[in-house]
Amino acid sequence: MINPVRPAKRRISILGSTGSIGRNTLDVMSHLGDREAFEVPAITGKDNIDLLVRQARQTGAGFAVTADPERYNDLKSALAGTGIEAGAGPAALIEAGLRDTDLLLAGIVGIAGLAPTLAAVAGGADIALANKECLVSAGDLFTSAMAKGGGKLLPVDSEHNAIFQVLEENQRQAVERIILTASGGPFRDHTREQMAAVTPELAAAHPNWSMGVKISIDSASMFNKALEMIEARHLFDVRPDQIEVIIHPQSIIHSMVGYCDGSVLAQLGVPDMRHAIGYAISHPRRRNLPVERLDFAKLARLDFTAPDEIRFPSLALARTAMQRGGLQGAILNGAKEAALEAFIAGQIGFLDMADIVAATMDRLDDGRAAHSIEDVYAADREARAVAVAVMRESA
Ligand code: NAD
Ligand code: MG
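Residues numbered from 1 in each chain as written. Chains lettered and ligands numbered in written order. Predicted model: local features only at pLDDT ≥ 70, side-chain atom pairs only at ≥ 80, totals over all residues. Heavy atoms only, no water.

A. Representation of the nonpolar core within the structure. With 86 residues, the main nonpolar core has Ile127, Phe142, Ile178, Leu332, Phe350 and Met353 as its most contacted residues. The greatest single-element share of this core, amounting to nine residues, is contributed by helix α16 (residues 328-344). Residues from two domains meet in this core; each of domain 1 (10-155) and domain 2 (159-271 + 292-394) gives at least three. The next biggest cluster of nonpolar side chains, apart from the first, holds 35 residues, and it includes Ile21, Leu26, Ala61 and Ala276. (Core = buried A, V, L, I, M, F, W, Y, C linked by side-chain atoms within 4.5 Å. Buried < 20%, exposed > 50% of the residue type's maximum accessible area, 1.4 Å probe, protein only. Helix = DSSP H or I, 4+ residues; strand = E, 2+ residues; numbered from the N terminus. Domains from an automatic or database assignment.)

Next up, the structure:
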C-alpha cells in the first residue's frame with residue numbers, strides 16, 4: 001500500500017507576533033488550520049514575554065526572539081525544556097528573518113522592523129507587509145530588494161490590501177489614480193482649537209479600528225494616511241499626483257483604483273484586520289475567514305468628504321516628501337516618531353507634531369539619496385535628533 005503523502009506544511013514566520021497585527025495573524029492561522037497546516041519557524045516580540053512564550057508553545061515555533069536584550073534570561077528560562085530556541089536583541093531579530101520560511105508576516109511597528117524584514121526578503125520569502133515604515137523609509141531599496149529576492153510582496157495595510165485586490169495586474173498602464181480612504185479618526189470634526197487641546201488617551205481611541213497605540217494616534221493626526229500615501233507610491237509604482245485621499249467615516253470601502261475609462265473598482269468589507277491578513281497569507285486563493293459579513297441594508301449609507309489639509313497638514317507633508325524623494329520619507333517618519341513620542345509623554349501638543357515634522361524635513365532637505373539600509377537608519381536617527389532640537393528651540 002502506498003502511504004498517502006501529507007501536504008507539506010506552509011511555513012510562516014511572524015515579526016511582531018505579540019502586537020495587534022501579530023495576534024490577529026495567529027488568530028487567522030488557527031482558523032485556517034493551525035498546527036496541522038502551518039509551521040512557524042520564528043516569532044518575535046519585545047516586552048510581553050509571557051505572551052511570546054504562550055504563542056511559541058501554542059505554535060511550536062522554532063525560534064522565539066525578544067527585541068529587548070535584557071529580557072533574554074526571562075525568555076530563555078520560560079522556554080527551557082520546550083526545544084524552542086530563544087534569542088534577544090537586534091541580531092537575533094535579523095536571525096529570525098533569516099530562518100527559512102515560505103512567508104514572513106512583517107508586523108513590527110516602526111523602523112526597527114526594516115533590517116529583519118529585509119533579511120527575509122533577501123532569502124526569497126514572500127512578505128506580507130504590515131510594517132509600512134519599511135516602504136516609507138526605504139521604499140526604493142525595499143522594492144529592489146524584493147525584486148532581487150524573488151518573493152511576492154503582499155500588502156497587509158487594509159487600504160493597500162484593498163488596492164492589491166482590485167488592481168488588475170495586466171491593466172497597470174490603465175490605472176489613472178489610487179484613492180485611499182481614511183476614517184478621519186476621532187477628531188474628524190474637531191476645530192483646530194479643539195485639536196490643540198486633545199490628550200494622548202483621546203487620540204488613541206480610534207472610532208472604527210482596534211490597533212496598536214502609535215498607529216491609532218497616527219490615524220487621529222492623519223500621519224498614518226500620510227505614511228500610507230508614500231507606501232502606495234512604492235507598492236503600486238504610481239506618481240504622487242495619482243494618489244488621492246478621501247474621508248470615509250464608516251471605513252467600509254477600504255480603498256479604490258480609478259482606471260482610464262472612468263471605472264472605479266473598490267474593495268469593501270467590515271473594518272477587521274483579519275480580512276487583509278487572511279487575504280495576504282492565503283494569496284492567490286481566497287479562503288473562508290472568520291470576519292463579519294456586510295449587511296448593506298443595515299449600513300444604509302456610505303459618506304465621503306474631502307480631507308481638510310489645514311487641520312490635517314500631514315497629508316501635504318507626505319506629498320512634499322514624495323516630491324523631494326531620496327531620504328525624505330525616512331526623515332518624515334523619524335521626525336514623526338520623535339514628535340509622537342513627545343506627544344505621548346505629554347511634552348508637546350497634538351498640533352505641534354506636524355510643525356515639528358515640517359521643520360525637520362526642511363532642515364534636512366539636502367537631496368541625499370538612500371544607497372543602503374545604513375543610510376536609512378542614519379537618516380532616521382538624524383531626523384529624530386533634529387526633531388528633538390526643534391522641540392527644544394520652540395519650548
Ligand atoms: P503593536 O504596537 O500592537 O505591535 C508591535 C509589535 O512590534 C509587537 O510585537 C512589539 O513587541 C514589536 N515591537 C515594538 N517595538 C519593537 C522594536 N523596537 N523592535 C522589535 N520589535 C518591536 O503595533 P501594530 O498595531 O500591530 O502595528 C504593527 C505594524 O503594522 C505597524 O507598522 C503599523 O503601522 C502596521 N499596521 C497595523 C494595523 C493594525 O490594525 N494594528 C493596520 C495596518 C498597518
Ligand atoms: Mg491602513
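B. Fine view of the site of ligand 1. Lining the immediate surroundings of ligand 1 are 23 residues, of which Thr18, Ser20, Ile21, Glu133 and Gly212 lie closest. Contact between ligand 1 and Gly16: an oxygen atom at 3.3 Å from a main-chain N or O atom of the residue. Ile21 places a polar main-chain atom, nitrogen or oxygen, 2.8 Å from an oxygen atom of ligand 1. Considering ligand 1 on its own, with 820 Å² of exposed area, one finds that the protein chains cover 86% of that surface. Looking at side-chain class alone, the shell around ligand 1 contains ten nonpolar, nine polar and four charged residues. Mapped onto the domain boundaries, the shell around ligand 1 takes at least three residues apiece from domain 1 (10-155) and domain 2 (159-271 + 292-394). (Near = heavy atom within 4 Å. Polar contact = N/O pair within 3.5 Å; in protein donor to acceptor, adjacent residues only side chain to side chain. Areas by Shrake-Rupley, 256 points an atom, 1.4 Å probe, with all protein chains shown as cover. Nonpolar A, V, L, I, M, F, W, Y, C, P; charged D, E, K, R; others polar.)

C. The coordination of the magnesium ion (ligand 2), seen in detail. Taken together, the protein donors to the magnesium ion (ligand 2) comprise Asp157 (OD), Glu159 (OE) and Glu228 (OE), at separations of 2.1 to 2.2 Å. Spacing between the donor residues of the magnesium ion (ligand 2) along the chain follows D-x1-E-x68-E. In this pair, the class of Asp157 matches that of Glu159, namely buried. (Donors = N, O, S within 2.8 Å, 3.2 Å for Na, K, Ca; no water.)

Functional significance is not addressed by these values, which are geometric in nature.
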